[in-house]
Amino acid sequence: MKKTLATFAFSVLALCLSLQELAAQTIEASVDRDQIARGETLVYTIRIYEQRQGMQLDLTPLTDDFDVLGTRTSSQVRSINGAVESWTDYIITLFPLNEGEIEIPAIEISDTQTTPIIVTVSNEGPRSNQDSDELFLEIEVNKETVYVQEQLLFTIKLYYTINGIRNPQFTELEMDDTVIQLIGSPNQYENLIEGVRYGVYEKRYVIFPQRSGPLQIPDILFRGEVTDGSSNFVFRNLNTRRVTAFIDGITIDVEERPPAALTNDNWLPVTNLSLEEEWNTDINNLRVGDSIERTITMIADGLDGAVLPPFSPEDISGLNIYSEPADIERNYVDGSIVGTRTETSTLVATESGQIEIPEIQVPWWNVETDTLETAVIPATLIEVASITGVVPSEQAITPTDSIEDLLAASPTLDRDMIDAQEEAEFIEVNASWLNYSILFAFFVVAISVYRLVIFPNQGRINQQLKIQKTAFKARYAPENNEKVAFNRLKTACKTRNLRDIREALIVWSGHYTSSRAILTMEDILQEPALLSLHPSTTKIQALLFNESGKGDEEDQFIPGDFLKTASHLRGIKSRQDKFLRTEQRFALPPLYKTT
């Protein structure tokens, strides 16, 4: 007995010493390399002993000098000569934001800090974490010097020979005192360079600097994912790896308005500007009271229609002007913005004779020839005739009698008119007692209806209301109403709650297909009609149940893209149902009935 107690005490003491030894070496931090080129990524690993899975790390200190591209965990257990050792690695992919010596700061974990690490980042031109032959970036501008508020065309091109790039993301252009517009959707095409066929992913922008001086366009970073085609059998996750590419930004010189254009009210730096005038009828055959419609269109190559100034006259002698709101448009032609402003006015002639519609002049700066030019609509002279048989309003009517005879005549009274007015006098009678009588009768009727109809049947009425309420709830429950189910899915995507998205997706999928009952996410993955939702479904499953892949999967699942795919499926189903209803409605009965 004493020997047993001694053995037990020795075991407890050994265990305490072992735990103390493990606690003394709890955290280690390392990088896969400490010297990298600008545009490349590095892997930062924090190893925590004692198998601490599920721990949340605060990576905020890293975001000052690095972009955190992804995180994942890996847990291992090792036994050597009976000694068991376990640890969890937190593997973080970092993209340096600056050049030179950069410190990876200490990360605090459970009252313990990691050791800071210094890495050196050198600029070696456009780079990627792949071979330059597989993935690289280019940027293009149409000019290196522009005027303030002149358009600058900026293009980002990603060249690649890698198949299966998913979730492409570029640095968003954000610059102070500039207006930036993305031209349409990204273009995708192929380009043959020195015998190598590259895929090209192109994004085009138009930039309007709002102040003079140097305009710094930031460095451009591309991030994406490449899948190797394999997958996890349980969660059907595609195995992916991160790819990045980087290119330095550029500086554009923005010049202020030239002296020749300083006195103009409006500053319009464009490649071309034109004015067009159009009338809806012949202006050479007008009379007093006639109306004509005048339309003037300004077209500017290089400016948005929203910044084009008004140009129609507000007042013309001899005409009343009724202007409609201006019609403003913006189009893109060969990557350049073309703005249009259309002003339409209705002119009504109020005087006869010659009326001059004044000239319209709009000065603009030709950025190609670097000169001041003026778009002109010449003055127009129209002749307005008076209406035949009608005396113009400005002409006086000549009286037939003299003013002295009119004043000397005694006034004439019409007795019949006075008697008629006396008979038509309105007699007002106080009828307030009638209003009270009507109100009293209304209350009597209301009380009678309640006592004779509602009160004796109150139980049946309540029961009927309850039945109607239950039927209403059932009708608009997500399980019975596809529209309500889809709205619930949209709401879940907006809140980004994965569990709500999962439940709403299962319910809505049950409406989409009638070939099988959809009760679980696995049922969705087994349904061919929902094939386009399978990638998102596996991501949701992985995020909810695959703890080790949590970091990477969060970056992969985008509720907005998933909702677009579901909306597309919903549109297809709606068109199919409409076609079937139409076919059933107009289908002819069989010629010979079968029993």
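All values derive from a computational prediction rather than experimental measurement.

Draft legend 1. Spotlight on the sheet that holds strand β22 (residues 269-270). The mixed open sheet is built from three strands, whose spatial order is β22-β30-β31. Edge positions in the open sheet fall to β22 and β31 (371-377), since each of these has one partner strand only. Relative to strand β30 (residues 360-366), β22 runs parallel, the two being bridged by two bridges. The residue of β30 that forms the bridge with Pro269 is Trp365.

Draft legend 2. Focus on helix α6 (residues 482-495). Between its first and last C-alpha, α6 extends 20 Å over 14 residues, near the 20 Å set by a 1.5 Å rise per residue. By the burial criterion, the buried members of α6 are Ala485, Phe486, Leu489, Ala492 and Cys493. Taken around the axis of α6, the buried residues stretch over an arc of 115 degrees, which confines them to a single face. Exposed and oriented more than 90 degrees from the buried face of α6 are Lys483, Lys494 and Thr495.

Draft legend 3. The environment of Asn280, seen in detail. As for its placement among the helices and strands, Asn280 is situated in the loop between β23 (272-279) and β24 (286-287). For the pair Asn280 and Glu293, spaced 13 residues apart in sequence, the C-alpha separation works out to 5.5 Å. Beyond its immediate sequence surroundings of up to four residues, Asn280 is in contact with Ile292 and Glu293.

Draft legend 4. Focus on the packing of aromatic side chains. Taken as a whole and judged by the stated rule, the model has 13 aromatic pairs. Seen in terms of ring centroids, Phe442 and Phe443 are 6.0 Å apart; in terms of plane orientation they differ by 70 degrees. Their pairing is edge-to-face. These aromatic residues form a ring-pair network of at least three members: Phe136, Tyr159 and Tyr198.

Draft legend 5. Highlighting a negative patch on the surface. Taken together, the side chains of Asp253, Glu255, Glu256 and Asp370 define an acidic patch exposed on the protein surface. Turning to its location among the elements, Asp370 is positioned in the loop between β30 and β31.

Draft legend 6. Representation of the packing of α6 against helix α7 (residues 498-512) within the structure. Two elements in contact, α6 and α7, have axes separated by 9 Å at closest approach and are oriented at 155 degrees. Relative to α7, α6 is oriented roughly antiparallel. As for how α6 packs across α7, the hand of that crossing is left-handed. Residue-level contacts link Glu482, Ala485, Phe486, Arg488, Leu489, Ala492 and Cys493 of α6 to Asp500, Ile501, Glu503, Ala504, Leu505, Val507, Trp508 and His511 of α7. Split into classes, the residues belonging to the contact of α6 with α7 amount to 10 nonpolar, one polar and four charged.

Quick notes on the rules
- Residues numbered from 1 in each chain as written.
- Predicted model: local features only at pLDDT ≥ 70, side-chain atom pairs only at ≥ 80, totals over all residues.
- Heavy atoms only, no water.
- Pairing = 2+ DSSP bridges.
- Helix = DSSP H or I, 4+ residues; strand = E, 2+ residues; numbered from the N terminus.
- Expected span 1.5 Å × (residues − 1).
- Buried < 20%, exposed > 50% of the residue type's maximum accessible area, 1.4 Å probe, protein only.
- Arc of directions from axis to C-beta.
- Contact = heavy atoms within 4.5 Å.
- Phe/Tyr/Trp six-rings, centres within 6.5 Å; stacked < 30°, edge-to-face > 60°.
- Patch = residues over 30% accessible without salt bridge, like charges linked within 9 Å, V, L, I, M, F, W, Y side chains within 5 Å.
- Areas by Shrake-Rupley, 256 points an atom, 1.4 Å probe, with all protein chains shown as cover.
- Salt bridge = Lys/Arg side-chain N within 4 Å of Asp/Glu carboxyl O.
- Lys, Arg positive; Asp, Glu negative; His and termini not counted.
- Charge placed at Lys NZ, Arg CZ, Asp CG, Glu CD.
- Axes fitted to C-alpha atoms, helices over the stretch in contact; angles between N-to-C directions.
- Parallel < 35°, antiparallel > 145°, perpendicular 65-115°, else oblique.
- Left-handed = near helix turned anticlockwise from the far one by under 90°.
- Nonpolar A, V, L, I, M, F, W, Y, C, P; charged D, E, K, R; others polar.

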